[in-house]
Amino acid sequence: MVRITEELVRKKSEHNEGIINSLEELSLHQEHVEKIEHLNNWCRNLEILLLQSNLISKIENLNKLKNLRYLNLAINNIERVENLERCESLEKLDLTLNFIGDIESVTSLIANTHLKYLCLTGNPCSDYSGYRNYVIAKLPQIETLDNAEITRSERIKAAQMLRHVEGKVLKSQADYYVFRNEQRERLSRPQDEVDDDTFWKTKSENAPETRVELANRQRKRDCTDQPVKEVKAVRLFTKEGRPLNINQTKLPFKFEDDPREFRLDVAIYRYLDSNFINVDLEPTYVRVSIKGKIFQYVLPEEIKIEASKVQRSQVTGHLLITMPKLNYKESFFKNREDIKSTATHKSVKDEKRHCYLEVEPIQNCLLLQIETCEDVPPLEYF
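Values in this document were obtained by computation on a predicted structure and should not be read as measured data. (Residues numbered from 1 in each chain as written. Predicted model: local features only at pLDDT ≥ 70, side-chain atom pairs only at ≥ 80, totals over all residues. Heavy atoms only, no water.)

Peer 1: How should I be thinking about the overall build of the chain in this particular structure?
Peer 2: From N to C terminus, the chain includes 7 helices and 18 strands. Burial status across the chain gives 41% buried among its 382 residues. Counting every atom, the chain has about 22300 Å² of accessible surface; 48% of that belongs to carbon and sulfur. (Helix = DSSP H or I, 4+ residues; strand = E, 2+ residues; numbered from the N terminus. Buried < 20%, exposed > 50% of the residue type's maximum accessible area, 1.4 Å probe, protein only. Areas by Shrake-Rupley, 256 points an atom, 1.4 Å probe, with all protein chains shown as cover.)

Here is the structure:
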């Protein structure tokens, strides 16, 4: 089962710089998603939500999307219309090619007073005798049904014929229920294992269960066809045990060697959650793990681990690690007016004001857990 994860939503929100709480449009089509979840809380400002060509079986967890205007759930496994009453701004709903046989459930859209466009083409209910007149009469606010504009005369006619067509529609619905229950029971019986070649050459029933099986087999075939990539282990030390400089993340960085301390600034992405970042300090090297990728820098001399400090910029997302030197002597430098850095690598230019959140150091492993707090004054060396 494919889940809607934060990583997936951020990936699909690149047009919004990865910010999901202010996202207004989101497309998760053709992702094999089987359940609508989390969007209710993560993306409350959504106006357009595209979920077509998935395996969703139920409309749910959308009640907090007060600004949602367009919802596309075409080509899914939905069998009834429900849980959209609180989507107050909904104007367009596309349910093409689903398995909606419960035509009475369509009346749940009466509460959506702004709904103008509704598409039920390709659903079992669209084949019922009197279907169009029934929907038009039950939903007087819609202006277009199944891509055909509703005329004034058609609306009047539908209202007049409602009593006549309602019986036919409900009779067709009852017949479909009988068929669907038999189909569900038939498809739930254990089947003989069929190889892929035979399966793809055999006709299948048009049912939600079949659509799920087709998707699973296709996914399995795609995984089999793809060559397995060999993952090379990252070498962190030489055979003699000396640490190596590694930048597997390929992120720009700046290292400053001050007489009192070392400062390492890694240009981490602004919107990357700090939970994906781990910092490991040792006397002679510093290692930063970013979503499993390693950045390791060998220090010219030993540092005081317990006095080191890690900060994350609220503005740019940069990670700043300040490491006091173990053998620094204050008296040697007290008469010097200007102390300049002696080694600078690959500078990162940024003229913006940097507000940092401090993180308490833990020896050998600095786990960043950034919480809201007051801004720290900007550092002079930036």
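The discussion continues.
Peer 1: Would you take a moment to explain the pairing of strand S15 (residues 319-324) for this structure?
Peer 2: Consecutive side chains of a regular strand alternate in pointing toward one face of the sheet and then the other. Counting buried positions over the 6 residues of S15 gives 6, a clear majority of the element. Burial of S15 is two-sided: the residues Leu-319, Ile-321 and Met-323 facing one way and the residues Leu-320, Thr-322 and Pro-324 facing the other way are all buried. Pairing between strand S10 (residues 261-266) and S15: 6 bridges, direction antiparallel. Bridge pairing in S15 places Arg-263 opposite Thr-322. Of the strand pairs in this sheet, strand S14 (residues 309-313) and S15 are connected by 4 bridges, and their pairing is antiparallel. The residue of S15 that forms the bridge with Val-310 is Ile-321. Counting the residues that bridge the hairpin from S14 to S15 gives 5 residues, and of these Gly-317 lies at a positive phi of roughly 85°. (Pairing = 2+ DSSP bridges.)

Peer 1: In this structure, what is going on with the pairing of S10? I would like to understand it.
Peer 2: Most of S10 is tucked away: 5 of the 6 residues are buried. The sheet contact formed by strand S9 (residues 253-257) and S10 spans 5 bridges and is antiparallel. Of the residues in S10, the one forming a bridge with Lys-254 is Asp-265. Where S9 folds back onto S10 in an antiparallel hairpin, the turn is made up of 3 residues.

Peer 1: What should I look at first to understand the side chain of His-318 in this one?
Peer 2: One can find His-318 in the loop between S14 and S15. A distance of 3.3 Å separates polar atoms of two side chains, one belonging to His-318 and the other to Asp-265. (Polar contact = N/O pair within 3.5 Å; in protein donor to acceptor, adjacent residues only side chain to side chain.)

Peer 1: Explain the nonpolar core here, please?
Peer 2: Where a protein is soluble and globular, its nonpolar side chains tend to be buried together. Within the largest apolar cluster, 50 residues are counted, with the highest numbers of intra-cluster contacts made by Leu-49 and Val-135. Ranked by residue count, the leading element in this core is helix H4 (residues 152-188), at 5 residues. Apart from residues lying up to four places away in sequence, Leu-49 is in contact with Leu-26, Leu-39, Leu-62, Leu-65, Leu-68, Tyr-70, Leu-71 and Asn-72. If you look at the next biggest cluster of nonpolar residues, it comprises 23 residues, including Val-266, Leu-272, Ile-305 and Val-310. (Core = buried A, V, L, I, M, F, W, Y, C linked by side-chain atoms within 4.5 Å. Contact = heavy atoms within 4.5 Å.)

Peer 1: Honestly, the packing of helix H3 (residues 131-138) against H4 in this entry has me stumped. Any pointers?
Peer 2: Each pair of packed helices can be described by the angle between their axes along with the distance between the axes. At their nearest, the axes of H3 and H4 sit 7 Å apart, and the two run at 115° to each other. The handedness of the crossing between H3 and H4 comes out as left-handed. Only Glu-154, Arg-155, Ala-158, Ala-159, Met-161, Leu-162, Val-165, Glu-166 and Val-169 of H4 make contact with H3, whose side of the interface consists of Tyr-131, Arg-132, Asn-133, Tyr-134, Ile-136, Ala-137 and Lys-138. (Axes fitted to C-alpha atoms, helices over the stretch in contact; angles between N-to-C directions. Left-handed = near helix turned anticlockwise from the far one by under 90°.)

Peer 1: Help me out: how do you make sense of H4 in this one?
Peer 2: Every α-helix carries 3.6 residues per turn, so stepping three or four residues along brings you back to the same face. Between its first and last C-alpha atoms H4 spans 46 Å; for 37 residues at 1.5 Å apiece the expected length is 54 Å, and the helix comes up short by more than 12%. Looking only at H4, the buried set comprises Ala-158, Leu-162, Val-165, Val-169, Ser-172, Gln-173, Tyr-176, Arg-180 and Gln-183. (Expected span 1.5 Å × (residues − 1).)

Peer 1: Honestly, the packing of aromatic side chains in this entry has me stumped. Any pointers?
Peer 2: We describe a pair of aromatic rings using the distance from one ring centre to the other and the angle between the two ring planes. On inspection of all chains with the given rule, the structure shows 6 aromatic pairs. With a centroid separation of 5.9 Å and an interplanar angle of 65°, the aromatic rings of Phe-253 and Tyr-297 are classed as edge-to-face. Of this pair, Phe-253 sits in strand S9 while Tyr-297 sits in strand S13 (residues 293-298), and the two are 44 residues apart along the sequence. Residue classification places Phe-253 among the buried residues on the basis of a relative accessible area of 12%. For Tyr-297, a relative accessible area of 9% puts it in the buried group. (Phe/Tyr/Trp six-rings, centres within 6.5 Å; stacked < 30°, edge-to-face > 60°.)

Peer 1: Before we go on, may I ask you to explain the side chain of Asp-265 in this structure?
Peer 2: Tracing the chain through its elements places Asp-265 in strand S10. Summary of buried charges: Asp-265 has no salt-bridge partner, and the nearest side chain of opposite charge, Lys-254, is 5.1 Å away. (Lys, Arg positive; Asp, Glu negative; His and termini not counted. Salt bridge = Lys/Arg side-chain N within 4 Å of Asp/Glu carboxyl O.)

Peer 1: Could you clarify how one ought to interpret H3 in this entry?
Peer 2: Within the span of H3, buried status applies to Tyr-131, Asn-133, Tyr-134, Val-135 and Ile-136. Those residues of H3 that are buried are in contact with strand S5 (117-119), strand S6 (144-145) and H4.

Peer 1: Honestly, unusual backbone geometry in this entry has me stumped. Any pointers?
Peer 2: With the exception of glycine, most residues fall at negative phi, and the peptide bonds are largely trans. A positive phi angle is found at His-32, which is not glycine, with a value near 60°. One can find His-32 in the loop between strand S1 (25-27) and helix H2 (39-42). Phi at Ser-53 takes a positive value of approximately 60°, unusual for a residue other than glycine. Inspection of the secondary structure puts Ser-53 in the loop between strand S2 (48-50) and strand S3 (70-72).

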